[in-house]
Every structure is written in structure tokens, then in C-alpha cells.
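Chain and residue survey
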Amino acid sequence: MAEGVFYVTGHGIETGAVVARMAELFALSTEQKRAVAVAPGGFARGYIGLGEESGSDALEVKEAFSYGFPMAEGQPPENAMQGHNVWPDEAWMTGGFRAAMDSLYAAACTVADGLVRGLSLAHGHDESWLSGYCRGGETISLMRLFHYFPYEKARERYPERTDRIGSSAHTDWGFLTLIVQQDAVSG
């Protein structure tokens with residue numbers, strides 16, 4: 001199959017609301033964000049601070065928050081790609097952050113499912129052709145929220161680093177990547 005990029009419209013995801021909730025998360029104090037940090041060497045769910053992730057030698061001028069499939073409390077992971085989400089204390093936010101993010105995750109899975117069916121048809125197959133390869137994929141999928149900083153912010157924290165980048169060149173590990181783009185922001 002070919003690689004490519006395309007816009008999806010009419011998906012029903014309220015991108016403005018998503019961006020507002022993300023801004024609220026990233027506006028938390030460093031101490032609050034550190035309380036839900038990704039465990040060193042552990043499963044990538046939780047907060048990743050400025051400069052703590054890079055796919056190259058350059059300093060990536062971003063912070064992130066990762067979560068995924070909402071596993072039931074006490075449910076053991078079935079494989080190394082599954083895990084329990086780590087959430088900020090709801091008292092730190094206007095309320096409903098976790099529910100909003102779980103809703104976003106479910107909506108993204110619905111959009112992805114529709115795209116997989118459409119890609120199957122576009123390749124001349126029955127709409128369920130690719131779905132068989134994706135079955136259970138939602139339990140290992142990862143939602144990543146990013147906050148990119150101006151390079152000046154990195155200069156404050158890492159004055160010795162002059163090699164800065166928003167995100168290093170990389171290949172996503174999954175079959176399909178959906179990106180919610182902030183309104184009126186190109187890139």
C-alpha cells in the first residue's frame with residue numbers, strides 16, 4: 001500500500017473543544033504535570049516534559065500527554081502494548097477532562113474505522129478487507145496530545161542546546177495516524 005496524507009472533514013470531532021481541553025492540561029503547573037509523568041523505561045502513558053522525548057540528536061521543543069484505550073480498573077494488560085492510563089487530578093481542571101479525552105479517543109477510533117472501510121473499498125475489496133487486520137487495534141492504540149513551544153522557551157530551559165526542532169523526522173508505528181489540526185494554524 002502507498003503512504004499518503006489527506007484531510008478528513010465532516011468527522012464530527014469538535015476540534016475547538018479538544019484544543020481548549022489540551023490547553024487546560026498543558027497550563028497545569030510543572031508539579032501537577034510531573035505527578036502524572038510517564039514512568040522511566042515504562043509504558044508510554046502520561047506526561048512527557050519539554051525536551052524529554054526525541055527521535056534525533058535535536059532537542060524537540062514540545063511537551064506531550066499520552067493515553068489510550070480505557071481499560072477497566074484492575075484489568076490486567078494482555079500484551080506489552082496495553083496499559084492503564086494515568087490522569088491528572090480532576091480537581092486541577094474545570095472538570096470532565098478524562099471523560100472528554102475518553103470521548104475523543106472513541107471518536108477517533110470511529111473515524112479510523114470508517115477510513116479503514118473506505119481504504120478497503122478504494123483498493124477494490126469488500127469494506128471489511130482491512131478491518132480484519134485492525135481487529136482489537138483500539139486496545140493498543142495511543143492518543144498523543146502535543147504542545148509545541150517557540151524555540152525561545154527551549155533556550156530558557158536548555159541554553160546550551162542550539163539544535164532544536166518541533167518534532168524529529170520519524171515514522172509512526174501504527175497503521176493509521178489521525179492528527180487533529182488546530183483551527184487557523186497551518187503545518
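Structure: above.
Residues numbered from 1 in each chain as written. Predicted model: local features only at pLDDT ≥ 70, side-chain atom pairs only at ≥ 80, totals over all residues. Heavy atoms only, no water.

On to the sheet that holds strand 4 (residues 142–148). Spatially, three strands are ordered 1-3-4 in an open sheet, and the strand pairing comes out antiparallel. Where the open sheet ends on each side, the last strands, each with one partner, are strand 1 (46–48) and strand 4. Taken over all neighbouring pairs, the strand axes of this sheet differ in orientation by 20 degrees on average, direction set aside. Where strand 3 (residues 62–68) meets strand 4, seven bridges bridge the pair, whose relative direction is antiparallel. Paired with Tyr67 across the two strands is Met143, which belongs to strand 4. Across the sheet, helix 1 (residues 15–26) touches strand 1, strand 3 and strand 4, and the angle it forms with strand 4 is around 70 degrees. Here helix 3 (residues 97–122) sits on the sheet and contacts strand 3 and strand 4; the angle it forms with strand 3, its principal contact strand, is near 75 degrees. (Pairing = 2+ DSSP bridges. Helix = DSSP H or I, 4+ residues; strand = E, 2+ residues; numbered from the N terminus. Axes fitted to C-alpha atoms, helices over the stretch in contact; angles between N-to-C directions. Contact = heavy atoms within 4.5 Å.)

Take the nonpolar core next. Leu25, Phe65, Tyr67, Phe97 and Leu145 are the most contacted members of the largest nonpolar core, which totals 21 residues. Secondary-structure elements contributing two or more residues to this core are helix 1, strand 3, helix 3 and strand 4. Per-element tally for this core: the top contributor is helix 3, with seven residues. Beyond its immediate stretch of four places on either side in the chain, Phe65 contacts Leu25, Phe26, Val36, Gly46, Tyr47, Val86, Trp87, Pro88, Phe97, Met143, Arg144 and Leu145. By size, the runner-up hydrophobic cluster in this structure holds six residues, among which are Leu50, Val61, Ala154 and Tyr158. (Core = buried A, V, L, I, M, F, W, Y, C linked by side-chain atoms within 4.5 Å. Buried < 20%, exposed > 50% of the residue type's maximum accessible area, 1.4 Å probe, protein only.)

Coordinates in, geometry out; function isn't part of it.
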